[in-house]
Amino acid sequence: MTTRIGDEAPDFTAETTEGTISFHEWLGDGWGVLFSHPRDFTPVCTTELGTVAKLKPEFDKRNTKVLALSVDPVDAHGKWAQDIEETQGQAPNFPLIGDEGKKVADLYDMIHPNASDTQTVRSVFIIGPDKKIKLNLTYPASTGRNFQEILRVIDSLQLTAKHKVATPADWQQGEDVIITPAVSDEEAQERFPGFNAVKPYLRYTKQPTG
Ligand code: BEZ
């Protein structure tokens, strides 16, 4: 099944390293990141899971739960966790789905048969409190992801959900943002006094707070 930005994130129940999870219920009213990796006991995946574990406080700060998946069984995830701790300095501190039946992988189109019939690609879904897909990224097995970028997108999504702004290329927390085109100059003057119009369609303002 193809899931696109704006679609409801398919709900599921799955066995994980932290017990059975009903996805929507588990997400509650916060944000979520669901990501797949190809296999346990593989090098790039080992670095990725350690990286996400070390970044867990950053996801927590953003009221965002993290859930990983591969088609390996839960007990393999458990054994692999020891290697991740030994080599990366931190064992996974978030649940890993054991998706041997490929139920969740199929729901989220995480198996791309022309890449591999048997392994998931590196998919990332960011899901909002409304249970809608906010971002959908796919990386090949050979490229480990940049999870700082995932945090950056969450910052942008959380900001733009509250204010009538968008974030420019390479934006980082605290930098100037762009006033969305749907906002008239009159409204912009009220909401963002002193905004900087470089072009009529390119208007910068300080990052709103609150
Ligand atoms: C890895 O995690 O290192 C990996 C997994 C599958 C294919 C290639 C690399």
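Cut-off values and rules
Residues numbered from 1 in each chain as written. Predicted model: local features only at pLDDT ≥ 70, side-chain atom pairs only at ≥ 80, totals over all residues. Heavy atoms only, no water. Helix = DSSP H or I, 4+ residues; strand = E, 2+ residues; numbered from the N terminus. Expected span 1.5 Å × (residues − 1). Buried < 20%, exposed > 50% of the residue type's maximum accessible area, 1.4 Å probe, protein only. Salt bridge = Lys/Arg side-chain N within 4 Å of Asp/Glu carboxyl O.

## Points about helix 4 (residues 74–88)
Given 3.6 residues to a turn, an α-helix orients residues that are three or four positions apart in the same direction.
Thinking step 1. The end-to-end C-alpha separation of helix 4 is 20 Å, in line with the 21 Å expected for 15 residues at 1.5 Å each.
Thinking step 2. Among all positions in helix 4, only A76, H77, W80, A81, I84 and Q88 are buried.
Thinking step 3. With its phi angle positive at about 85°, G89 sits one or two positions after the end of helix 4.

## Observations regarding the environment of P193
Thinking step 1. Among the structural elements, P193 can be located in the loop between helix 7 (185–191) and strand 10 (196–199).
Thinking step 2. Residue class for P193 comes out exposed when judged on its relative accessible area of 60%.
Thinking step 3. Here the alpha-carbon distance between P193 and T205, two residues twelve residues apart in the chain, equals 8.4 Å.

## Observations concerning the pattern of salt bridges
Pairing between side chains of opposite charge can happen when their charged atoms approach one another.
Thinking step 1. One pass over the structure, following the stated rule, counts 13 salt bridges.
Thinking step 2. With a closest N to O distance of 2.9 Å, K61 and E58 form a salt bridge. Highlighted residues: K61 and E58, both in helix 3 (residues 56–61), separated by three residues, approximately one helical turn.
Thinking step 3. Accessibility expressed as a relative area gives 63% for K61, which makes it exposed.
Thinking step 4. According to the relative accessible area criterion, E58 is partly exposed, its value standing at 25%.
Thinking step 5. Note that E149 and R152 form a salt bridge whose closest N and O atoms lie 2.6 Å from each other. Note that E149 and R152 are positioned in helix 6 (residues 147–162) at a spacing of three residues, about one turn of the helix.
Thinking step 6. For E149, a relative accessible area of 27% translates into the label partly exposed.
Thinking step 7. For R152, a relative accessible area of 18% gives the class buried.

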